[in-house]
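# Architecture at a glance
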Amino acid sequence: MIEKLWFENHPIKYLLWPLLWPLSKLFGWISRSRRQDYQSGKKSAYRAPVPIIIVGNITAGGNGKTPMVIWLVEKLQALGYTPGVVSRGYGAKAPSYPLVVNAETSTAHCGDEPKLIFKRTQAAVAVDPVRADAVKALLPLGVDIIITDDGLQHYALERDIEFAVVDGKRRFGNQQLLPLGPLRESVDRLSEVDFIVTNGGQAQQGEAAMTLTPSLAVNMKTREQIPVSQLKGLVAMAGIGHPPRFFNTLEQLGADLVHCQGFADHQDFAIAQLNELAARGTHLIMTEKDAVKCAKEAQENWWYLPVSATFSHDDEMRILERINQIKEHYGSPSA
């Protein structure tokens, strides 16, 4: 219901606006005061000995940050860098922090996004609510550039480059701060970032258009890969920031959908819940982020759909040139 207030101008606004407006003003004051404390030096921020790239957003929920992080990691690896990734590990609880992710790390300990990034890129990934501590855990591993998955508002960590990822279709909704609207910071904050990346929709002047390109569906048990359109009787599920985006992608690929079920972002799933869903059709298909949480319980009719970020040649060159410029101040990429 709250998203209807944020993005759909629903009549519920007449009931909730008087209740949420004071809280929104308080949130804005706290947010601005906290940032000013770091900018003025009243609170100290950690400066790493390697470049720090922030991939975040100014709205609550998923906008496509993780595919952007994976794209950056893969491009930097191709250039000869050794990138690492830090994350807060939202929705997870590690036995101790910082936690360096490996193949055996449970998503319950590191979170779904850090595990997905590690699985896709094999880059060093560290999780800690205090991102500076995650950075320090990666430095002995030989990384020479670090990307943070989220953290635009984590001002305790100094940064060299900021990316703000924007949902190109929903944009900023009613442009109000939490909880009245979806904004973590005002839209004016975007004038200070290095790159505004628009995921879907129509990129505006000066924004870099990111397209999430799906590949073949991957069987979670056998690793077989086939076009989505060949899977009949599909039940689709998505525990991401905006599940309809995944369902729309499946429809565009010609999927034979019999049921779609959205869940809260980062939600954990019980095996009984998944089996019940799968029984509604012939095959169950999910996002790759959900698949990293469900891999151990996978059945032979369970699939996931990987997506990869792509940019135009000009935007890609603009992004990588900026990173190379920053990196020159720290040293050359590893051989």
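Residues numbered from 1 in each chain as written. Predicted model: local features only at pLDDT ≥ 70, side-chain atom pairs only at ≥ 80, totals over all residues. Heavy atoms only, no water.

Labelled according to an unreviewed UniProt entry, the chain appears under the name Tetraacyldisaccharide 4'-kinase, originating from Vibrio scophthalmi. UniProt lists a comment for the chain under the heading Function (unreviewed entry), and it reads "Transfers the gamma-phosphate of ATP to the 4'-position of a tetraacyldisaccharide 1-phosphate intermediate (termed DS-1-P) to form tetraacyldisaccharide 1,4'-bis-phosphate (lipid IVA)." (UniProt positions renumbered as here; feature names shortened; annotations may be inferred.)

Take the overall build of the chain next. For the chain, the helix and strand inventory stands at 10 helices and 15 strands. Here the C-alpha atoms of the chain give a radius of gyration of 20 Å, agreeing with the 20 Å that 2.2 N^0.38 yields for 335 residues. With respect to the principal axes defined by its C-alpha atoms, the chain has extents near 60 × 60 × 45 Å. Burial status across the chain gives 51% buried among its 335 residues. Expressed as a percentage of contacts within the chain between residues at least 6 apart in sequence, the contacts between residues at least 24 apart total 73%. Surface exposure of the chain reaches about 15400 Å², of which carbon and sulfur atoms provide 52%. (Helix = DSSP H or I, 4+ residues; strand = E, 2+ residues; numbered from the N terminus. Rg over C-alpha atoms; globule rule 2.2 N^0.38 Å. Buried < 20%, exposed > 50% of the residue type's maximum accessible area, 1.4 Å probe, protein only. Contact = heavy atoms within 4.5 Å. Areas by Shrake-Rupley, 256 points an atom, 1.4 Å probe, with all protein chains shown as cover.)

Time to look at the packing of helix α3 (residues 65–78) against helix α10 (residues 313–328). Two elements in contact, α3 and α10, have axes separated by 12 Å at closest approach and are oriented at 65°. It follows that α3 is roughly perpendicular to α10 by the angle criterion. Remark: the crossing between α3 and α10 carries right-handed chirality. Where α3 abuts α10, its residues W71, L72, K75 and L76 lie against E316, I319, L320 and I323. Class assignment for the residues of the contact of α3 with α10 results in 6 nonpolar, no polar and 2 charged. (Axes fitted to C-alpha atoms, helices over the stretch in contact; angles between N-to-C directions. Parallel < 35°, antiparallel > 145°, perpendicular 65-115°, else oblique. Left-handed = near helix turned anticlockwise from the far one by under 90°. Nonpolar A, V, L, I, M, F, W, Y, C, P; charged D, E, K, R; others polar.)

The element strand β13 (residues 283–287) is extensively covered by neighbouring structure, given that 5 of its 5 residues are classed as buried. Inspection of the sheet shows β13 paired to strand β14 (residues 302–305) by 4 bridges, in the parallel sense. The residue bridging T287 from the neighbouring strand is L305, located in β14. (Pairing = 2+ DSSP bridges.)

This paragraph deals with the domain arrangement of the chain. A common measure of how large an interface is: the accessible area buried when the components associate. Splitting the chain by domain gives domain 1 (39–211 + 323–330) and domain 2 (216–305). Inter-centroid distance (C-alpha atoms) of domain 1 to domain 2 is 26 Å. Every contact between the two is made by 13 residues of domain 1 and, on the other side, 11 residues of domain 2. Across the domain 1 to domain 2 interface the summed buried area is about 1200 Å²; carbon plus sulfur atoms make up 50%. At the boundary of domain 1 and domain 2, one finds 4 salt bridges. (Domains from an automatic or database assignment. Buried area = accessible area lost by both parts, 1.4 Å probe. Salt bridge = Lys/Arg side-chain N within 4 Å of Asp/Glu carboxyl O.)

In this section: the packing of aromatic side chains. Taken as a whole and judged by the stated rule, the model has 5 aromatic pairs. Residues W6 and F7 carry aromatic rings whose centres are separated by 6.3 Å and whose planes lie at 75° to one another, so their mutual orientation is edge-to-face. A relative accessible area of 10% places W6 in the buried class. Classification of F7 by relative accessible area gives partly exposed; the value is 22%. (Phe/Tyr/Trp six-rings, centres within 6.5 Å; stacked < 30°, edge-to-face > 60°.)

This part covers the UniProt feature "binding site: ATP" (unreviewed entry) in the chain. Under the UniProt annotation, the feature "binding site: ATP" (unreviewed entry) is placed at T59, A60, G61, G62, N63, G64, K65 and T66. Residue classification places A60 among the partly exposed residues on the basis of a relative accessible area of 22%. Assignment of secondary structure puts G64 in the loop between β1 (52–56) and α3. For G64, a relative accessible area of 12% translates into the label buried. The contacts of G64, once residues within four sequence positions are left out, are V165, N199 and M210.

Our next topic: helix α2 (residues 13–40). Roughly 40° is the biggest bend found in α2, and it falls at L20, with proline P22 one to four residues downstream. Those residues of α2 that sit buried are K13, L16, L20, S24, G28, R35, D37 and Y38. Residues of α2 that are buried in the fold lie against α1 (2–7). G41 occupies a position one or two residues after α2 and carries a positive phi of about 90°. (Bend = angle between axes of the 7 residues up to and from the residue.)

Assignment of secondary structure puts N219 in strand β9 (residues 217–219). Overall, the relative accessible area of 1% leaves N219 in the buried class. Among the polar contacts listed, one links the side chain of N219 to the backbone nitrogen of K221, at a separation of 2.8 Å. If near-sequence neighbours (up to four positions away) are discounted, N219 is found in contact with E224, E300, W302 and W303. (Polar contact = N/O pair within 3.5 Å; in protein donor to acceptor, adjacent residues only side chain to side chain.)

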